[in-house]
Every structure is written in structure tokens, then in C-alpha cells.
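Each chain, letter by letter, is given below.
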Amino acid sequence: MRIKRFILILILLIISLTLLAPFTQVQAVNTSVPEVDFPIYSQGAVLMDSSTGKILYGKNENDKLYPASTTKILTAIIAIENYNLTDKVTANNSAIMAIPLGYSNAAIQPGEALTVQELLELFLIHSANEVGYIFAEDISGSINSFANLMNKKATEIGCKNTHFTNPSGIHNVEHYSTAYDMALIAQYCMKNSTFRNIVSMTSCTIEPTDKYEKRYFKNTNDLLDSKSKYYYANAIGIKTGFTTQAKNCLIAASKKDNMELITVALGAEATTDGRSGRYVDTINLFNYGFDNYKIEKINTANTEVQNLIIENATKETKNLPLVLKNDISALVPTNIDIANLNYNININNDISAPIAEGDVLGKITYNIDGINYSSDLIAEHSVEKFNYYLLAMQIALSIIVLLVLLKLLFFRKKKKKKKKYYRNYDSIYKFK
């Protein structure tokens, strides 16, 4: 009878666990977002999340295309990393004369000395081509040597389909890149505060020198111009480009709340109604990104994630909560519930006392659309090591004390018996 009852209970338990399983498991997260439902007028285009490098949209993103003056962002970051902004660089005649007719310039004169800050502003805001050649000759000694430096830098950044022949984007059939590679370069450049500040400026003013009068130039990027029909309030840069062969190009960045996006539009045509394709594409892609993605905090620092029992610890400290060291924020589609996100916990091997508060004992990782977001797991409090030697000494001492007490007790009982015997003897003696 007992066996039958046991089997019945076991069957009921299995059925209950089966029914409950779907409600206790973490559900897979659907991270799909709506498809782009607008035309793209650029031959190659990319929408990238700046913080993670995740591509949110791409069109022919790995096709080799001519980047025109968007090339200048790589030259600029090399200059920023090689100079102090207050350094002065003198223009050589060869650098100025190397610029073909029809390309933009700032009328820099041979022998004219300008600060690096001034040159960068002329280069990135006005797109003055001679500045790239001035930097190239001063840094590397020649245009070819500087082009090699550019290609080396592009490779370090992660570009795989890029080859530059000059510092300014002047057309050359061997001077090419891709929308994806240019997005990588832009992402790298935007990590530099000097670069960020300059590309976000709406204009620049260069004070008179001994060679030329005062100069004022408006930024060629209409996204930054509040009077332009292409003005985009969240735009923070970056660089326009144009040659007949490259057509219209634009690398742009925009920030809204805590999310920053980068777009690249290469080889853009005009729209069917005559608008600028590079600006229309850029604005549409920015809106798509901000509408469909968000940066959200998915877990908070000091939140308990797991509890460990440290076997060699004292009784008071052996129960150890592991907590997040840092907040975890992630790029997530706006249509998902972050409560359902999957995560992995990895705990270090051979954890034992002593442990200090804040020691790193593991890591928690969320993987969302191939991007890992993680935080170290740290000890919430210190853990003291259990002292077995001291315990042994305490036990030994306790035993010794117990033996001494037992011996004393036994001795007292024996002495009392003797005294009783003598008393009895005396009483018998007196009676007689």
C-alpha cells in the first residue's frame, strides 16, 4: 500500500513540474524591429550605434566607393594625435599648389603659420583641402608617406576595404572606402573630445595673420544650420564630401537622450522631388534609429544576483551575496520587455575565504543581438576564514578543563566518603 501511494505522489509531482515549466523558464526575447520603409538614395549607407558599433541598418555597406572629403576625418584625428592644439604649422608652397582647381580651399598662403586648432577648423568646418597636405608634409614628409600612415591607422581601427592615396579626398581611382569602414573611422574619431567639439561647430573665424586677412567660414554640414531645411536639432557633426565621381557624401552623428547614432551616406543621388539625397537619407535613418532603439539600464549596481556558501568561512560570514559592480545599460529595441532578457553568470573557480568586500568573484553577461553587455560580480561583504587550528586548540583546552573538573569532582566525592566513614567510626566508638 505504501509503495502504491509513493508511486502516485511521484507521478503527480512529475505532472506538476511539467505544467509549471513554461512559466518558470526565461522566455527567448524577440529583438526584431520594423524594416526600413523609406527609399535610400545613397549607393552605400550605414546606421550605427556609436557606443556598441552595432549596425542597425546597412545598404551595400561593404561596397568600395569614393569617400571624397569625408576622408578628412581620418587625417584630422591623426593630426590631433600628433600635435598640441597650440602648435603652429607653416604652410609650404608644395602643399598649397598640390590642390587641383575646383577643390575648396581657405586661401592659405605659402609661409603662413597657423595653429593646429585653426587648421583643424578650416579643414573640418570649411573643408579646406590644402590643410590636409600641410599636415601630411609636416607629419610624414611627403603625401605618399602620410597616405601609408593613414592606411595603417585605418587598419588599426578595423577597416578591411579601405585604401587612401591622399589626406583630403581628392579623387583618385585607388582612393576608396566603404560605408561600414567610414562608420568605424567616425566612431573612433568621435571618442576624441577635440574632434567632437570642432565637427559640431556651426562656423569658424580665423584671425588675421601677417599673410592674410581675417577669415570666416560657415560649416558645410546643413544638419547643423538652424536656417537650413535639412536642419536636425539632435545633430552633432560630422563631415560632408563631394566630387563628381563620388557624388554627394555625408558622415553624420546625432545624439538624443543617452543614445548616439552615426550615419554614413556615400554616392548619394538627388531625390525624385529634387531634395538632397544625402540629407534625406541621413535624417530618415536617424529617425528610424531613435524610433526603434533605446539605451536602457537593464540591471543596477549593488543588485544581488547570486548567493554563495563559502565552506571554509566562519559561521557569521559564510553566507555571501554576489552583487553587480556596475550598472549595465544596453542598446535594445523599443518593443521588448527588458525583464525577459536572458543572461549568463560565470563564477570563479575555487572560491575560498578569506575574501575582501568588493573582490571580483564572477561576471554576469547579457547577449542582445550579438552584443555582450556585462558587469563584474563582487563580494557584498568580507568573509573571514574559519581557523581550524584555533578550533582544535579550543577543543583540546575544553577537554583538558573537563578532565580537570571531572577529576576535582571525583576527588571531592572520595574525600566526602572518607569523612563519613570517620564520623561513623567515632559514633560507634563513643556508643561502646
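Residues numbered from 1 in each chain as written. Predicted model: local features only at pLDDT ≥ 70, side-chain atom pairs only at ≥ 80, totals over all residues. Heavy atoms only, no water.

1. Points about the packing of aromatic side chains
Link 1 in the chain: The final tally for this structure, using the stated rule, is 7 aromatic pairs.
Link 2 in the chain: Judged by centre distance (5.7 Å) and plane angle (40 degrees), the ring pair of tyrosine 83 and phenylalanine 135 falls under tilted. Here the residue tyrosine 83 occupies a position in the loop between α2 (72-82) and β3 (88-90), and phenylalanine 135 occupies one in helix α5 (residues 129-140), the gap between them amounting to 52 residues.
Link 3 in the chain: The exposure class assigned to tyrosine 83 is buried, which follows from its relative accessible area of 14%.
Link 4 in the chain: For phenylalanine 135, a relative accessible area of 0% corresponds to the buried category.
Link 5 in the chain: Their ring planes at 15 degrees and their centres at 4.9 Å tell us that tyrosine 230 and tyrosine 279 sit as a pair that is stacked. Here the residue tyrosine 230 occupies a position in the loop between β6 (215-218) and β7 (235-243), and tyrosine 279 occupies one in helix α9 (residues 277-292), the gap between them amounting to 49 residues.
Link 6 in the chain: In this structure tyrosine 279 comes out as buried when scored by relative accessible area, which is 3%.
Link 7 in the chain: Through successive ring pairs, a cluster of aromatic residues spans Tyr83, Phe123 and Phe135. (Phe/Tyr/Trp six-rings, centres within 6.5 Å; stacked < 30°, edge-to-face > 60°. Helix = DSSP H or I, 4+ residues; strand = E, 2+ residues; numbered from the N terminus. Buried < 20%, exposed > 50% of the residue type's maximum accessible area, 1.4 Å probe, protein only.)

2. Let's talk about the nonpolar core
Link 1 in the chain: Residues Ile73, Leu74, Ile108, Leu122, Ile185, Phe195 and Ile238 are the most contacted members of the largest nonpolar core, which totals 64 residues.
Link 2 in the chain: Other than its neighbours up to four places away in sequence, isoleucine 238 contacts Ile73, Ala186, Met190, Phe195, Val199, Asn221, Ile251, Ala252 and Ala253.
Link 3 in the chain: Of all hydrophobic cores here, the second largest spans 47 residues; its members include Tyr57, Tyr230, Ile371 and Tyr373. (Core = buried A, V, L, I, M, F, W, Y, C linked by side-chain atoms within 4.5 Å. Contact = heavy atoms within 4.5 Å.)

3. Some remarks on the pattern of salt bridges
Link 1 in the chain: For the structure on display, the rule yields 8 salt bridges.
Link 2 in the chain: Glutamate 81 is the salt-bridge partner of lysine 153, the closest N and O atoms lying 2.9 Å from each other. Of this pair, lysine 153 sits in helix α6 (residues 143-157) while glutamate 81 is found in helix α2, placing the two residues 72 residues apart along the sequence.
Link 3 in the chain: Between lysine 294 and glutamate 296 there is a salt bridge; the shortest N-O distance is 2.7 Å.
Link 4 in the chain: Under the relative-accessibility criterion, glutamate 296 is labelled partly exposed at 23%. (Salt bridge = Lys/Arg side-chain N within 4 Å of Asp/Glu carboxyl O.)

4. Side note on the pairing of strand β13 (residues 328-333)
In regular strands, side chains alternate between the two faces of the sheet.
Link 1 in the chain: Buried residues dominate β13, accounting for 5 of its 6 residues.
Link 2 in the chain: Here 6 bridges tie strand β10 (residues 293-299) to β13, and the two strands are oriented antiparallel to one another. By the bridge assignment for β13, asparagine 299 is matched with isoleucine 328. (Pairing = 2+ DSSP bridges.)

5. Some words on the sheet that holds strand β14 (residues 344-347)
Link 1 in the chain: One open sheet holds the 5 strands; their spatial order is β11-β12-β16-β15-β14, and the pairing between them is antiparallel. The sheet terminates laterally at β11 (304-309) and β14, the two strands that pair on one side only. The sheet shows a mean angle of 25 degrees between the axes of neighbouring strands, direction not considered.
Link 2 in the chain: Of the pairings in the sheet, the one linking β14 to strand β15 (residues 360-368) comprises 4 bridges and is antiparallel in character. Looking across to β15, one finds that isoleucine 345 is bridged to isoleucine 364. (Axes fitted to C-alpha atoms, helices over the stretch in contact; angles between N-to-C directions.)

6. Re the confidence of the model for the protein chain
Link 1 in the chain: Taken residue by residue, the protein chain gives an average pLDDT of 89. The fraction at 70 or more is 86%.
Link 2 in the chain: Here residues 12-30 scores under 50 on pLDDT; set against residues more than four positions off or in separate chains, the count is 13 contacts.
Link 3 in the chain: When the criterion is pLDDT under 50, residues 428-432 qualifies, and its contacts beyond four places in sequence or with other chains add up to 0 contacts. (pLDDT = per-residue confidence, 0-100.)

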